[in-house]
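One-letter residues, chain by chain:
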Amino acid sequence: MNDLAGKHFVLGLTGGIACYKAAELCRALIKEGATVQVVMTEAAERFITPVTMQALSGRPVYGSHDASGFDGREANGMPHINLSREADAILIAPCSADFMAKLLHGRADELLSLLCLARPIARVPLLLAPAMNREMWAHPATQRNMAQLAADSTTILGVGSGFQACGETGDGRMLEPPQLLQDVVAFFQPKLLAGKRVLITAGPTFEAMDPIRGITNHSSGKMGFAIARAAQEAGAVVTLVAGPVHLETPRGVERIDVKSARQMLEATLRHAPLSDVFVATAAVADWRPAAESEQKIKKDGTGQAPTVAFTENPDILLTVAQSERAQSGALFCVGFAAETNDLAAHAKAKRERKGIPLLVGNIGQLTFGLDDNQLLLVDKDGARELPRASKLVLARQLIAEIAQRTGATA
Ligand code: C5P
């Protein structure tokens, strides 16, 4: 992916052990297509050398002594002006408690805080990835400073929780580079569903026969998880009801893990009344064993296999689509159809059967487990193809489509 192609960042490092993670973050930004100008405070230079950051960014690093008037590299001697105007965003990672306090007061006694103050505030966003000991993080002064910085048009990317270099455990760790990258990419996505509540089902279901066995299918959940990520990037509040899959939860998404279709139905019905959009990507098992044995079904030595009777599972999408909220148009329902052949005809028929405004068709063998896919959008007026692309790219296109159809486009 090249989600940051053409974007130029000032990556600022301040004093903290998390500086070692900034090296990986720099690489990640560049791999995603960005260019990066590193600026380090004097304290940051004690944790990681400018040589490392220069090698990774491919540009000489600006350090604490390169402040206005002291820098021979810039024709006008004003790196704080030049660097802050070239950037599409300034990202401070790690951002120390001290540096936040400095930003809050508009202090400018070295290059990094100087260029933050000099940035054109309406055009160049400032993003902070705080990193500090848990007591420092929880301190009222830090919390107060952050609230004020947010009010001053600064975006605070949050912190992680866990074991800290100081030996304590709690909140305040810098987010990991892949998490920061996801947040930065999300920051630049258009907020097409700002404030909307989106409910998504994803993955297979598992229908137990006994405590050991059951039936399921090959759905990987990747398409549904990509849609959850795209919706979150678009500013929606996202709830993801996930069957058994081995996927990381997209940043900022509330995930509810379920196993069976009935559990998925229950979780979905709990959230549907609060939602504006419902996207059913889950490959729900059509049938479940009629009876679930409490104990393992044993071979009895007769050579006779047990007979398993099946019963039909509830249709989650149909149930939601028939609810008053969906019927009144307050809840926009989107279904998926995985077919092996005659996609257009099957998808059209399925949309009508489910009574939903939009159905997305895909070919099972061309999507299950893969990172890319191709989609067919079917509505009452006809069908439109979204050509083969990564599931995340397709998910963003689908979210834009949903935003347009629900009139939510910001
Ligand atoms: O009914 P069918 O499986 O052909 O339709 C697929 C669509 O219906 C998908 O959106 C799927 O998530 C949803 N579905 C459901 N509950 C079921 C079966 C399918 O929500 N029991």
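**Q** Whenever I open this one, the nonpolar core confuses me. Can you help?
**A** Soluble globular proteins: nonpolar side chains tend toward being buried together. One finds Ile227 and Ile402 to be the most contacted residues of the largest nonpolar core, which totals 37 residues. Once residues within four sequence positions are removed from consideration, Ile402 is found in contact with Val277, Val279, Phe332, Val334 and Leu358. The next biggest cluster of nonpolar side chains, apart from the first, holds 33 residues, and it includes Ala23, Val36, Ala44 and Leu175.

**Q** Would you take a moment to explain the site of the ligand for this structure?
**A** For the ligand, the full set of nearby residues is Ala280, Thr281, Ala282, Val284, Pro314, Asp315, Ile316, Leu317, Gly335, Phe336, Lys350 and Lys354. In the environment of the ligand, an oxygen atom lies 2.8 Å from a nitrogen or oxygen atom belonging to the backbone of Leu317. Within the side chain of Lys350, an N or O atom sits 2.4 Å from an oxygen atom of the ligand. With respect to the pocket detection grid, the ligand is positioned in the largest pocket. Of all the secondary-structure elements, those providing two or more residues to the shell around the ligand are α12 (316-321), β16 (332-339) and α14 (343-354). When its residues are assigned to classes, the shell around the ligand shows seven nonpolar, two polar and three charged.

**Q** Hey, could you run me through the packing of helix α9 (residues 177-188) against helix α10 (residues 222-233) in this one?
**A** Between two packed helices, what matters for the description is the angle formed by their axes and the separation of those axes. Contact geometry of α9 with α10 gives a least axis separation of 8 Å together with a crossing angle of 60°. Our classification of the angle between α9 and α10 gives oblique. Between α9 and α10, the contacting residues are Gln182, Val185 and Ala186 on the first element and Arg229, Gln232 and Glu233 on the second. Here the contact of α9 with α10 is built from residues that sort into two nonpolar, two polar and two charged.

**Q** Before we go on, may I ask you to explain empty space enclosed by the protein in this structure?
**A** The gaps of empty space that remain are located by a probe, the size of a water molecule, rolled over the atoms. Across all of its chains, the model carries one cavity of 30 Å³ or more by this definition. The calculated volume of the largest cavity comes to roughly 40 Å³. Gln182, Asp183, Ala186, Arg229, Gln232, Glu233, Pro250 and Arg251 together form the lining of the largest cavity. At the level of elements, α9 and α10 are the ones that each hand at least two residues to the lining of the largest cavity. Class assignment of the residues belonging to the lining of the largest cavity gives a composition of two nonpolar, two polar and four charged.

**Q** What am I meant to see in the layout of surface pockets here?
**A** Its boundaries defined by the atoms lining it, the largest pocket holds a volume of some 950 Å³. If you trace the largest pocket, you find 40 residues lining it, with Ala282, Ala283, Val284, Asp286 and Phe336 closest to the centre. For the lining of the largest pocket, the elements supplying multiple residues, two or more each, are β8 (197-202), α10, β13 (277-280), α12, β16 and α14. The element best represented in the lining of the largest pocket is β16, accounting for five residues. Lining the second largest pocket are 21 residues; nearest its centre among them are Gln182, Ala226, Arg229, Asp371 and Leu392. Elements with a minimum of two residues in the lining of the second largest pocket: α9, α10 and α15 (391-405).

**Q** What should I look at first to understand the sheet that holds strand β5 (residues 154-156) in this one?
**A** Two strands in a sheet stick together by hydrogen bonds in their backbones, pointing the same way (parallel) or opposite ways (antiparallel). Reading across the sheet, the five strands line up as β2-β1-β3-β4-β5 and stay open at both edges, with parallel pairing between neighbours. The sheet terminates laterally at β2 (35-40) and β5, the two strands that pair on one side only. Taking the axes of each pair of neighbouring strands and ignoring which way they run, one obtains an average angle of 25° across the sheet. Taken together, the three bridges between strand β4 (residues 126-130) and β5 define a ladder with parallel strand orientation. Looking across to β5, one finds that Leu128 is bridged to Ile156.

**Q** Where do I start with helix α5 (residues 97-105) in this structure?
**A** Owing to its 3.6 residues per turn, the α-helix aligns residues three or four sequence positions apart on the same side. By the burial criterion, the buried members of α5 are Ala97, Phe99, Met100, Lys102 and Leu103. On its buried face, α5 sits against β3 (89-95), α6 (111-118), β4, α7 (134-138) and α8 (140-151).

**Q** How should I be thinking about α14 in this particular structure?
**A** Over its 12 residues, α14 extends 16 Å from the first C-alpha to the last, a length consistent with the 16 Å expected when each residue adds 1.5 Å. Within the sequence span of α14, burial applies to Leu343, Ala347, Lys350, Arg351 and Lys354. The buried residues of α14 occupy an angular sector of 100° when the element is viewed end-on, so they sit on one face. Opposite its buried face, α14 presents the exposed residues Ala345, Glu352 and Arg353, each directed more than 90 degrees away. In the segment just after α14, Gly355 is the residue with positive phi, at about 65°.

**Q** Help me out: how do you make sense of the sheet that holds β16 in this one?
**A** Taken together, eight strands build an open sheet; the order of strands is β12-β11-β8-β13-β16-β17-β18-β19 and the sheet is mixed. Across the chains shown, the open sheet's two edge strands, defined by having one partner strand only, are β12 (254-257) and β19 (382-390). Each strand axis lies, on average, 20° off the axis of its neighbour in the sheet, ignoring direction. α15 contacts β13, β16, β17 (358-363), β18 (372-379) and β19 of the sheet and is inclined by roughly 145° relative to β19.

**Q** Got a minute to help me understand the domain arrangement of the chain in this structure?
**A** Interface size, as often reported, equals the accessible area lost upon joining of the parts. For the chain, the assigned domains read domain 1 (8-188) and domain 2 (197-292 + 309-406). Spacing between the C-alpha centres of domain 1 and domain 2 amounts to 39 Å. For the pair domain 1 and domain 2, the two sides together bury roughly 530 Å², of which 45% comes from carbon and sulfur. The largest per-residue losses of area from domain 1 upon contact with domain 2 belong to Gln182, Val185 and Ala186, which jointly make up 72% of the total buried on that side. At the surface where domain 1 touches domain 2, the tally comes to one salt bridge.

Cut-off values and rules
Residues numbered from 1 in each chain as written. Predicted model: local features only at pLDDT ≥ 70, side-chain atom pairs only at ≥ 80, totals over all residues. Heavy atoms only, no water. Core = buried A, V, L, I, M, F, W, Y, C linked by side-chain atoms within 4.5 Å. Buried < 20%, exposed > 50% of the residue type's maximum accessible area, 1.4 Å probe, protein only. Contact = heavy atoms within 4.5 Å. Near = heavy atom within 4 Å. Polar contact = N/O pair within 3.5 Å; in protein donor to acceptor, adjacent residues only side chain to side chain. 1 Å grid on protein atoms, 1.4 Å probe; cavity = no way out; pocket = protein on both sides within 12 Å on 5 of 7 lines; lining within 4 Å. Sits in = over half its atoms within 2 Å of the grid points. Helix = DSSP H or I, 4+ residues; strand = E, 2+ residues; numbered from the N terminus. Nonpolar A, V, L, I, M, F, W, Y, C, P; charged D, E, K, R; others polar. Axes fitted to C-alpha atoms, helices over the stretch in contact; angles between N-to-C directions. Parallel < 35°, antiparallel > 145°, perpendicular 65-115°, else oblique. Points joined across faces, edges and corners; volume = space filled by probe spheres on them. Pairing = 2+ DSSP bridges. Expected span 1.5 Å × (residues − 1). Arc of directions from axis to C-beta. Domains from an automatic or database assignment. Buried area = accessible area lost by both parts, 1.4 Å probe. Salt bridge = Lys/Arg side-chain N within 4 Å of Asp/Glu carboxyl O.

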